[in-house]
Every structure is written in structure tokens, then in C-alpha cells.
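Next come the chains, spelled out residue by residue.
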Amino acid sequence: VVKTYRAGVVSEMEKMGITLKMSRSFSKFWKEISTFSNMDTTALPKACKAELREYQLKGFSWLWFLYKYGLNGVLADDMGLGKTSITLTAISNLLFDSFEVRKVLVIAPLRVARDTWTAEVEKWDHLRNLRCSVAVGTESQRRAAFDRQADIYIINRENLGWLIEESKIPFDFDMVVIDELSS
């Protein structure tokens, strides 16, 4: 039995000429991951009236593919190409169309946590229904942010230790997004 996250082994086995018997669901997954560059674009959420560029649609499709198969992954692109809006569109879909997520934590550098995510929500009509709470600043400001009702809680990475180890705030997030991991 090959787990989805170990699918690379299948490619190696195929190269060695080993005949594989796959379940219907794994066979579908393998066909999709093997031909991702040719994969059909995933339909955007009904509420999304934005006209995304082709590479943004591919990014959304990639995130949705990863989610559909229970995988983690990276959306890596140059600055300014819409990674945040693509991610917010996927989050919106999970929150309001498929109802599979109810509470999201975004971890980002301070400036990005404080400014970027909420600015993107305000920028796009289809994202304005997202409720964001930015947990930066003093401890009392961060606590107040986590006390607010929101869909997405955004914290700077310097305060992640506080959230997990000191705050006693339940870590009951259904999804965690790490923005700018390398910085």
C-alpha cells in the first residue's frame, strides 16, 4: 500500500517496469498528479467574480488539488503575482462553499501579518465576506484579536511561541497557512 504523500515511489516503480495494481481512488490521484501541467482548471467559488490570470487559476487549482487529497504543499511564485489572493480565494471556498474549514490561522512576518492579508481582503469583492483578526502588538492586543469572532486569525511569526506555549488560547484551527516561510 502506497500512501498518497509517498506517490513518488510509484513513478520509480513504473520506471523499473513493475506493474502496479492501484485502487480506483489512487489511480485517479496518480493520473492527476502525473499530468498536473495539463490538468483542467478547478472552478472558482461561486462568489468569486474576479478575473484571475491563467497562472493564478493554476495556483488556485494546485491548492485545491492538494486539499482534495489531504496533502500539504507550497505555492511559490514571485512577489506580486497574487499568492495571497489565490490563497484567500481557496480559504473562502473552504469556509463558505464546501464548509470544510471554520477557523484558519495565518502566520506571517510582522509587516505582512499587519498589512497585507487584510488589504487583500478589502481589495477583492469576492473576499469581503471574510472576517480577519490581526493578532499583533502587545499581549493584550493579541488576546483581544483572538477573542474577536473571525474566520481568519493572522499572527506574526515572532508571536507564534506565545500563542502555542503561553497564551492558553485553544489551538483549534482547521487550517494553518505559513506566509513567506523563507524570510
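The structure this text deals with has already been given above.
In what follows, the accompanying structure is described. (Residues numbered from 1 in each chain as written. Predicted model: local features only at pLDDT ≥ 70, side-chain atom pairs only at ≥ 80, totals over all residues. Heavy atoms only, no water.)

1. Details of the packing of aromatic side chains
Thought 1: The full count for this structure, using the stated rule, is five aromatic pairs.
Thought 2: Aromatic pair Phe171 and Phe173: ring centres 5.0 Å apart, planes at 75°, arrangement edge-to-face.
Thought 3: Taken together, the ring pairs connect Phe146, Tyr153, Trp162, Phe171 and Phe173 into an aromatic cluster.
Thought 4: The ring centre of Trp162 lies 4.4 Å from the NZ or CZ of Arg142, which sits over that ring. (Phe/Tyr/Trp six-rings, centres within 6.5 Å; stacked < 30°, edge-to-face > 60°. Lys NZ or Arg CZ within 6 Å of the ring centre and 35° of its normal.)

2. Points about the pattern of salt bridges
Thought 1: Per the counting criterion, the structure on display carries seven salt bridges.
Thought 2: Across the salt bridge formed by Arg114 and Asp115, the nearest N and O atoms sit 3.1 Å from each other.
Thought 3: Residue classification places Arg114 among the partly exposed residues on the basis of a relative accessible area of 40%.
Thought 4: Arg128 serves as the salt-bridge partner of Asp125, at 2.7 Å between the closest nitrogen and oxygen. (Salt bridge = Lys/Arg side-chain N within 4 Å of Asp/Glu carboxyl O. Buried < 20%, exposed > 50% of the residue type's maximum accessible area, 1.4 Å probe, protein only.)

3. What about the environment of Arg102?
Thought 1: Among the secondary structure elements, Arg102 is positioned in the loop between α4 (83–97) and β1 (104–108).
Thought 2: For the pair formed by Arg102 and Asp174, sequence separation is 72 residues and the distance between their alpha carbons is 6.6 Å.
Thought 3: Those residues in contact with Arg102 that sit more than four places away from it in its chain are Leu95, Asp151, Asp172 and Asp174. (Helix = DSSP H or I, 4+ residues; strand = E, 2+ residues; numbered from the N terminus. Contact = heavy atoms within 4.5 Å.)

4. Remarks on helix α6 (residues 139–147)
Thought 1: Regarding α6, the residues found buried are Arg142, Ala145 and Phe146. Summarising the axial view, the buried residues of α6 lie within an arc of 95°, below the 170-degree limit, and thus occupy one face. For α6, exposure combined with an orientation more than 90 degrees from the buried face picks out Ser140 and Asp147.
Thought 2: Looking at the buried positions of α6, the neighbouring elements they touch are β1, β2 (132–135), β3 (152–156) and α7 (160–166). (Arc of directions from axis to C-beta.)

5. A look at the pairing of β2
Taken residue by residue, a regular strand's side chains alternate between the two faces of the sheet.
Thought 1: Relative to β3, β2 is paired through four bridges, and the arrangement is parallel. Considered in β3, the bridge of Ala135 is made with Ile155. (Pairing = 2+ DSSP bridges.)

6. Comments concerning the nonpolar core
Thought 1: Of all hydrophobic cores here, the largest spans 21 residues; its most connected members are Leu88, Val104, Val106, Trp117, Leu130, Ile152 and Ile154.
Thought 2: When sequence neighbours within four positions are dropped, the list of residues in contact with Val106 reads Trp117, Ile152, Tyr153, Ile154, Ile155 and Val177. (Core = buried A, V, L, I, M, F, W, Y, C linked by side-chain atoms within 4.5 Å.)

7. Comments concerning helix α3 (residues 54–68)
Thought 1: With 15 residues, α3 extends 21 Å between its outermost C-alpha atoms, agreeing within 8% with the 21 Å of an ideal straight helix rising 1.5 Å per residue.
Thought 2: Backbone geometry just after α3 places Gly70 at a positive phi near 70°. (Expected span 1.5 Å × (residues − 1).)

8. Brief notes about the sheet that holds β1
Thought 1: Spatially, β2-β3-β1-β4 is the arrangement adopted by the four strands of the open sheet, whose pairing is parallel. Every other strand in the sheet has two partners, leaving β2 and β4 (175–178) as the edge strands with one partner each. Across the sheet, the mean angle separating the axes of adjacent strands is 20° when strand polarity is ignored.
Thought 2: Note that β1 and β3 share five bridges and pair parallel. When the bridges of β3 are listed, Ala108 appears paired with Asn156.
Thought 3: Sitting on the sheet, helix α5 (residues 110–123) touches β1, β2, β3 and β4, and the angle it makes with β3 is about 155°. (Axes fitted to C-alpha atoms, helices over the stretch in contact; angles between N-to-C directions.)

So yeah, pure geometry; function would need other evidence.
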